[in-house]
Amino acid sequence: MNNWFSALEPFEKVYWIIALTASVIFIILTLLTFIGGEFDETGDVDADIEADTGIGFQFLSFKNLIGFFTIFGWTGISCIGNGLSNGVTILISSICGLIMMLIMASLFYYLGKLNSSGSLKIKNALNQIGEVYLTIGANRSRIGKVHINIQGGMRELDALTDDASELHQGDIIIVTEVTGTGILIVNKHTN
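In this text the structure is predicted, and so the values were computed from the model without any measurement.

Criteria and thresholds
- Residues numbered from 1 in each chain as written.
- Predicted model: local features only at pLDDT ≥ 70, side-chain atom pairs only at ≥ 80, totals over all residues.
- Heavy atoms only, no water.
- Disulfide = S-S within 2.5 Å.
- 1 Å grid on protein atoms, 1.4 Å probe; cavity = no way out; pocket = protein on both sides within 12 Å on 5 of 7 lines; lining within 4 Å.
- Points joined across faces, edges and corners; volume = space filled by probe spheres on them.
- Helix = DSSP H or I, 4+ residues; strand = E, 2+ residues; numbered from the N terminus.
- Nonpolar A, V, L, I, M, F, W, Y, C, P; charged D, E, K, R; others polar.
- Buried < 20%, exposed > 50% of the residue type's maximum accessible area, 1.4 Å probe, protein only.
- Phe/Tyr/Trp six-rings, centres within 6.5 Å; stacked < 30°, edge-to-face > 60°.

Participant: I'd love a proper account of the state of the cysteines, names of residues and values included.
Facilitator: Under the criterion given, the structure shown has zero disulfides. Take C79: it sits in no disulfide, and the sulfur closest to it among the cysteines is that of C96, at 6.9 Å.

What follows is the structure, given as structure tokens:
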């Protein structure tokens, strides 16, 4: 193996070193990802964050650079093997590496968009039909509870009514309003 490497031209040696080193790091990162190892690119930051905006489009990251050098190296070796000139080899391998970085950045960006906060958005209750669980006092006199399906799950929420009569357990209701405090305003549902 040492004879093989010694026989290579310096330009080709550089590509082999880049390709092999980047490939080993890429394999290690992939294995760590699948077995649950953590690799923290940004370090430890203590800060209060008001809103989670998700993962932004990160073109320059450690993983993307490893992807660039892996594809850059192997594309360069392929170009050299096909007898292309040094300039063309550098150009093609650089373009392929940049395309790989763009693909990886896009992949991580769109995967980051797939997450869900799981937070209940109470405004999604508007115009939903539910059932009274605990009696609701007439004319907003007493808070009761309703069962209502919101965001794919059955929820038990506080409710008031503007109706002149109480709403009793089992009555079918429709949500007409949501107050600023998250209490539902409901009316008896008529078919």
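Participant: Which residues make up the layout of surface pockets, and what are the values?
Facilitator: If you add up the space inside the second largest pocket, you get close to 240 Å³. As for the second largest pocket, its lining consists of F26, L29, T30, T33, F34, K63, I66, M100, M104, L107 and F108. Put simply, the parts of the chain that give the lining of the second largest pocket at least two residues each are α2 (10-35), α3 (62-81) and α4 (86-113). At five residues, α2 tops the list of elements feeding residues into the lining of the second largest pocket. Along the lines of polarity and charge, the residues of the lining of the second largest pocket split into eight nonpolar, two polar and one charged.

Participant: Please give an account of unusual backbone geometry that cites residues and values.
Facilitator: Phi is positive for N139, which is not a glycine, with a value near 50°. Along the chain, N139 falls in the loop between β1 (129-134) and β2 (144-150). Here N139 falls in the exposed class, since its relative accessible area comes to 53%.

Participant: Help me get a handle on the packing of aromatic side chains, residues and values and all.
Facilitator: According to the stated counting rule, one finds seven aromatic pairs in the structure shown. Relative to Y15, the ring of F11 lies with its centre 5.2 Å away and its plane at 65°, an arrangement referred to as edge-to-face. Of this pair, F11 and Y15 both sit in helix α2, separated by four residues, roughly a single helical turn. Taking 5.5 Å as the distance between ring centres and 85° as the angle between the ring planes, the aromatic pair formed by W16 and W74 counts as edge-to-face. Taken as a pair, W16 in helix α2 and W74 in helix α3 lie far apart in primary sequence, 58 residues in all. What makes W16 buried here is its relative accessible area of 17%. An aromatic cluster is present here, built from F11, Y15, F68, F69 and F72 joined pairwise through their rings.

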